[in-house]
Every structure is written in structure tokens, then in C-alpha cells.
Amino acid sequence: MQSEFLTATLFNLGLNLLYTLLALLIGMVALLIIDKKLLKHVDIEGELKNGNIAVAIFASTILIFVALIISFGLKG
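Residues numbered from 1 in each chain as written. Predicted model: local features only at pLDDT ≥ 70, side-chain atom pairs only at ≥ 80, totals over all residues. Heavy atoms only, no water.

**Observations concerning the overall build of the protein**
For clarity, the threshold we go by: Every helix listed is a DSSP run of H or I at least four residues long, and every strand listed is a run of E at least two residues long, numbered separately from the N terminus. Just to be clear, the radius of gyration here is over C-alpha atoms, and the globule rule we use is 2.2 Å times residues to the power 0.38. Buried, partly exposed and exposed residues are distinguished by accessible area as a fraction of the type maximum, computed with a 1.4 Å probe on protein chains only: under 20%, between the cut-offs, and over 50%, respectively. Surface accessibility in these figures is a Shrake-Rupley result with a 1.4 Å probe; residues are shielded only by whichever protein chains are displayed. When charges are counted, Lys and Arg contribute as positive and Asp and Glu as negative, whereas His and the chain ends are disregarded. Every charge is mapped onto a representative atom, which is NZ of Lys, CZ of Arg, CG of Asp or CD of Glu.
A tally of helices and strands in the protein yields three helices and zero strands. Along the protein, from the amino end to the carboxyl end, the secondary structure elements read α-α-α. The C-alpha radius of gyration computed for the protein amounts to 18 Å, which surpasses the reference 11 Å derived for 76 residues by more than 25%, pointing to a less compact arrangement than a globule. In terms of principal-axis extent, the alpha carbons of the protein reach across some 60 × 20 × 15 Å. By residue count, 12% of the 76 residues in the protein fall in the buried class. Of the accessible surface of the protein, which amounts to about 6400 Å², a share of 74% is contributed by carbon and sulfur atoms. A gap of 7 Å separates the mean positions of the 5 positive and 5 negative side-chain charges of the protein.

Written as C-alpha cells, this is what we have:
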């Protein structure tokens, strides 16, 4: 009984990790495409060094988006 439970748990964990990595990959590719198409003329790092708060909020939103993908993927 315990070995079947452990096997099912490890299978679910592996499946959730695979889903998380796939969702993270798709999300990062989408963000890169958006960055190249919509933000051609915006240097995010340069704007952060100049103290642009709007760019800082945008960059932190991207990090929160990635964290949400990882957390939902690991929840199952």
C-alpha cells in the first residue's frame, strides 16, 4: 500500500514539475516576444538606473508572473 502511494505521489510530483517547466518556458517565450515587439525602444536596465518607477513596476510584475506560474504548477 505504501509503495503504491509513494509511486503515485512521485508520479504526480514529476507531472506537476513537467507542467511547471512547460508553462514557464511558454511564458518566458511570450515575454521575450512581447519585449521584442512592443518594447523595442525601451532600455529597461537603463531606465531602472535612472530611477524610473514605472519601469520598476513593470519589471516586478514580470517577476510576479513567473513566480505565479511556478507556484500554480507545483500546487497541482
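**Here's the deal with the layout of surface pockets**
Put simply, the rule is: Residues are called lining when one of their atoms sits within 4 Å of a cavity or pocket point, these points coming from a 1 Å grid over the protein atoms alone, where a cavity is a set in which a 1.4 Å probe fits but cannot get out and a pocket is an open set with protein on both sides within 12 Å along at least five of seven lines. Grid points are joined across faces, edges and corners, and a volume is the space filled by probe spheres set on the points. Gly is put with the polar residues, along with every residue not named as nonpolar or charged; the nonpolar set is Ala, Val, Leu, Ile, Met, Phe, Trp, Tyr, Cys and Pro, and the charged set is Asp, Glu, Lys and Arg.
In this model, the largest pocket occupies a volume close to 190 Å³. Around the largest pocket, the lining residues are Met-28, Leu-31, Leu-32, Ile-34, Asp-35, Leu-39, Ile-44, Phe-58, Ala-59 and Ile-62. Elements with a minimum of two residues in the lining of the largest pocket: α1 (2-38) and α3 (53-75). Per element, the largest residue contribution to the lining of the largest pocket is five residues, and it comes from α1. Looking at side-chain class alone, the lining of the largest pocket contains nine nonpolar, no polar and one charged residues.

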